Amino acid sequence: MKNKSWIPALTKLLGKTVVSVSEESRREHGGDAWFAHAMPDVVVTPRNVKQIQQLMRFCHARNIPVTPRGAGRGYVGGCVPVSGGVSLSLKKLNKIREINPADCVAIVEPGVITKDLQNAVKKIGLFYPPDPASAKESSIGGNIATNAGGPRCLKYGVTRNYILGLDVVLANGDLVHCGGRTHKNKLGFNLTDLFIGSEGMLGVVVGATLRLIPYPPARAVLVANFKKAPQSAAAVNAIINAGFLPSVLEVADKFTLAAARAYNPQAPQGESFVLVEIDGQKNSVISEVKSLEKILQDCQALTVKKALNDEDAEQLWEIRRGFSYALKSTGLKKLNEDVVVPRGRLVDLFTFAEKLQKKFAVSVACFGHAGDGNIHVNLMVDPKTADSPKNRQALDLLFKQVLAWKGSITGEHGVGLAKKPWWKLAANHELRSLHQSVKNALDPKRILNPGKFLD
Ligand SMILES: Cc1cc2nc3c(=O)[nH]c(=O)nc-3n(C[C@H](O)[C@H](O)[C@H](O)COP(=O)(O)OP(=O)(O)OC[C@H]3O[C@@H](n4cnc5c(N)ncnc54)[C@H](O)[C@@H]3O)c2cc1C
């Protein structure tokens, strides 16, 4: 912002430990895991909800932009403060306030790291299933604001399915409590859901009551590799058609596997790969593994590896978890698109990605959550020209095709800045104007996370 005369008054209101104008801190709060970057005028790191309310009242009165920020591990530039103003970091509100096994709930502050919560509830036999691959780094508040998904969504659903209640500070500083700690609640409109996935544009999530479920006592993982991609797609269909609902059903393509082998010689041969995880009671898991092994072999898997305990399962998972790092180690920038197609279009999507590769002479690596049609189509580009017209054109074709198949341009990461150019294409006039009405009702001065897809 050109006008910075408000900064001393804000510093006086909240204190120097909460408001930082240091260049280093502002730079650090200017980007996420995507490539966009913009400096905020100040970084505000509150220690309690009252300070967030004070901040919002202050900024509301003066039309100062506020961009909420969790752990800054988003993939679409959602927390990039493109209009300057305040980067509101929620990282110090990071307490797990309660884990209650009788009610099967956890009450947390937004800055809690997802994996820390998962580990804490697991110790007492409970399970918080949402598992973005960034779980060790991303925050619950960020997961809520993006409605994060992950490999386990096929069986367990996304973040939304585990939110019972939210405390939200609105643009004018008011604090609202939506939902509560009961597992059912039909009081008024479902406003809790309105804030989930709202990408920091409707309110600041300052507390969440989460649904927990019993931790499954047994799990098993099977990994199979195939000579050609259509065989792994056939295996995915065969598993579902045989009546299985695995907790995880992942696939990967030729480019991803080649990068994985260069990174880790233990990675499998072949041009495609399937990872299946199941969980439940021990006897049923053991018997399901036998059936799944047969299905994979019948689909002409080159090899099938299985793990029946946590330690071995983690080893097989290392192959899948290594994909992102393997792609990174190619030296190329991964433009990670999280498109979703109706599951019947999986093979079409892989074929289309290959065509894209040839047409634009750009490498494309596909891997991800085959079970729910959500495949990460990664354009592997020169980091110096990530935002080039050629790359944009390739993305444009990809998104248009996905929409033609009645898919969505984003299944997990959100729209943010990265997909802003395609918002109009993906949402029709009526849907866009409904979004504007909701935005104007909750944030009439449009100070919350401006510059994103609603502007
Ligand atoms: C290696 C890697 C793997 C990933 N894997 C997955 C995956 O499997 N599934 C998936 O869904 N995503 C994945 N992501 C994307 C990302 O981690 C998620 O979008 C995550 O939810 C972001 O959380 P964060 O705390 O980093 O949020 P940030 O990046 O800080 O913010 C994301 C958005 O949420 C808003 N926001 C943050 N906190 C709040 C709050 N308290 N109140 C209101 N708004 C808020 C911000 O304004 C921004 O719009 C991955 C990212 C990386 C780097």
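Residues numbered from 1 in each chain as written. Predicted model: local features only at pLDDT ≥ 70, side-chain atom pairs only at ≥ 80, totals over all residues. Heavy atoms only, no water.

### Description of the domain arrangement of the protein chain
Thought 1: Taken domain by domain, the protein chain comprises domain 1 (96–214), domain 2 (216–323) and domain 3 (331–414).
Thought 2: Taking only C-alpha atoms, the centre of domain 2 and the centre of domain 3 are 23 Å apart.
Thought 3: Taken together, the 13 residues of domain 2 in the interface contact 15 residues of domain 3.
Thought 4: Regarding the contact of domain 2 and domain 3, the summed buried area is about 1,200 Å², with carbon and sulfur atoms giving 65% of it.
Thought 5: On the domain 2 side of the interface with domain 3, the three residues burying the most area are Val251, Asp253 and Phe255, jointly 38% of the side's total. (Domains from an automatic or database assignment. Contact = heavy atoms within 4.5 Å. Buried area = accessible area lost by both parts, 1.4 Å probe.)

### Examining the packing of helix α9 (residues 254–263) against helix α11 (residues 310–328)
Thought 1: Running from amino to carboxyl end, α9 crosses α11 at an angle of 85°, the nearest separation of the two axes being 8 Å. For the element pair α9 / α11, the angle class is roughly perpendicular. Facing Phe255, Thr256, Leu257, Ala259, Ala260 and Tyr263 of α9, the residues of α11 in contact are Gly322, Phe323, Tyr325, Ala326 and Leu327. (Axes fitted to C-alpha atoms, helices over the stretch in contact; angles between N-to-C directions. Helix = DSSP H or I, 4+ residues; strand = E, 2+ residues; numbered from the N terminus. Parallel < 35°, antiparallel > 145°, perpendicular 65-115°, else oblique.)

### Structural notes on the sheet that holds strand β16 (residues 333–337)
Thought 1: Spatially, 7 strands are ordered β15-β12-β14-β13-β17-β18-β16 in an open sheet, and the strand pairing comes out antiparallel. Among the strands making up the open sheet, the edge pair consists of β15 (303–307) and β16. Shown here is a sheet whose adjacent strand axes are inclined to one another by a mean of 15°, direction ignored.
Thought 2: Alignment of strand β13 (residues 248–252) against strand β17 (residues 363–369), held across 3 bridges, turns out to be antiparallel. By the bridge assignment, Ala252 is partnered in β17 with Phe367.
Thought 3: Sitting on the sheet, helix α8 (residues 229–241) is in contact with β12 (218–226), β13 and β14 (272–280), with an inclination near 20° to β14.
Thought 4: On top of the sheet, helix α13 (residues 389–404) reaches β16 and β18 (374–381); it is set at about 165° to β18, its chief contact. (Pairing = 2+ DSSP bridges.)

### Thoughts on unusual backbone geometry
Thought 1: Phi is positive for Asn147, close to 50°, though the residue is something other than glycine.
Thought 2: Note on placement: Asn147 falls in the loop between α5 (140–146) and α6 (153–156).
Thought 3: Take Asn147: its relative accessible area is 13%, and that puts it in the buried class.
Thought 4: Phi at Gln300 is positive, roughly 70°, even though this residue is not glycine. (Buried < 20%, exposed > 50% of the residue type's maximum accessible area, 1.4 Å probe, protein only.)

### Considering the pairing of strand β9 (residues 175–179)
Each regular strand carries side chains that alternate between the two faces of the sheet.
Thought 1: In terms of strand pairing, strand β8 (residues 163–169) meets β9 through 5 bridges, oriented antiparallel. When the sheet's bridge partners are listed, Gly165 is paired in β9 with Gly179.

### Section: the sheet that holds strand β10 (residues 204–211)
Within a sheet, neighbouring strands are paired by backbone hydrogen bonds and run either parallel or antiparallel to one another.
Thought 1: Taken in spatial order, the 5 strands make up an open sheet running β5-β6-β10-β8-β9, and their pairing is antiparallel. Both outer strands of the open sheet, β5 (96–100) and β9, are each paired with one neighbouring strand and no more. With direction set aside, neighbouring strand axes in the sheet form an average angle of 10°.
Thought 2: Here β5 runs beside strand β6 (residues 105–108); their pairing, made up of 4 bridges, is antiparallel. In the sheet register, Asn100 faces β6, and the bridge partner there is Val105.

### Digging into the packing of aromatic side chains
Thought 1: Within the structure shown, the criterion is met by 9 aromatic pairs.
Thought 2: Ring geometry for Phe127 versus Tyr156: centroids 5.3 Å apart, planes at 85°, classification edge-to-face. You can see Phe127 sitting in strand β7 (residues 126–127) and its partner Tyr156 sitting in helix α6, a full 29 residues away along the chain.
Thought 3: Plain terms: the ring middles of Phe273 and Phe323 are 5.3 Å apart, the flat faces sit at 75° to each other, and that makes the pair edge-to-face. On the criterion of sequence distance, the pair formed by Phe273 in strand β14 and Phe323 in helix α11 is long-range, its members being 50 residues apart.
Thought 4: Relative accessible area serves as the criterion here: at 0%, Phe273 is assigned to the buried category.
Thought 5: Taken together, Phe127, Tyr156 and Tyr215 form an aromatic cluster joined through their ring pairs. (Phe/Tyr/Trp six-rings, centres within 6.5 Å; stacked < 30°, edge-to-face > 60°.)

### As for the nonpolar core
Most often, soluble globular proteins keep nonpolar side chains buried together rather than apart.
Thought 1: Core analysis: the biggest nonpolar cluster contains 56 residues, and Leu296, Leu349, Ile375 and Leu398 have the highest contact counts within it.
Thought 2: Two domains each provide a minimum of three residues to this core, namely domain 2 (216–323) and domain 3 (331–414).
Thought 3: If sequence neighbours within four positions are ignored, Ile375 has contacts with Val251, Glu337, Asp338, Val339, Leu346, Leu349, Phe350, Cys366, Phe367, Gly368, His369 and Ala370.
Thought 4: Counting 26 residues, the second-largest nonpolar core is a separate cluster that includes Val108, Phe195, Val205 and Leu210. (Core = buried A, V, L, I, M, F, W, Y, C linked by side-chain atoms within 4.5 Å.)

### Observations concerning the site of the ligand
Thought 1: Near the ligand lie 34 residues; those nearest to it are Pro68, Gly70, Arg73, Ser134 and Ser139.
Thought 2: Between the ligand and Ser134 there is a distance of 2.6 Å, counted from an oxygen atom to a side-chain nitrogen or oxygen.
Thought 3: Gly149 places a polar main-chain atom, nitrogen or oxygen, 2.9 Å from an oxygen atom of the ligand.
Thought 4: With the chains in place, 95% of the 980 Å² that the ligand exposes on its own is no longer accessible.
Thought 5: Listing elements by their share of the shell around the ligand, those giving two or more residues are β3 (66–69), α5 and β10.
Thought 6: The element best represented in the shell around the ligand is α5, accounting for 5 residues.
Thought 7: Broken down by class, the residue content of the shell around the ligand amounts to 13 nonpolar, 17 polar and 4 charged. (Near = heavy atom within 4 Å. Polar contact = N/O pair within 3.5 Å; in protein donor to acceptor, adjacent residues only side chain to side chain. Areas by Shrake-Rupley, 256 points an atom, 1.4 Å probe, with all protein chains shown as cover. Nonpolar A, V, L, I, M, F, W, Y, C, P; charged D, E, K, R; others polar.)

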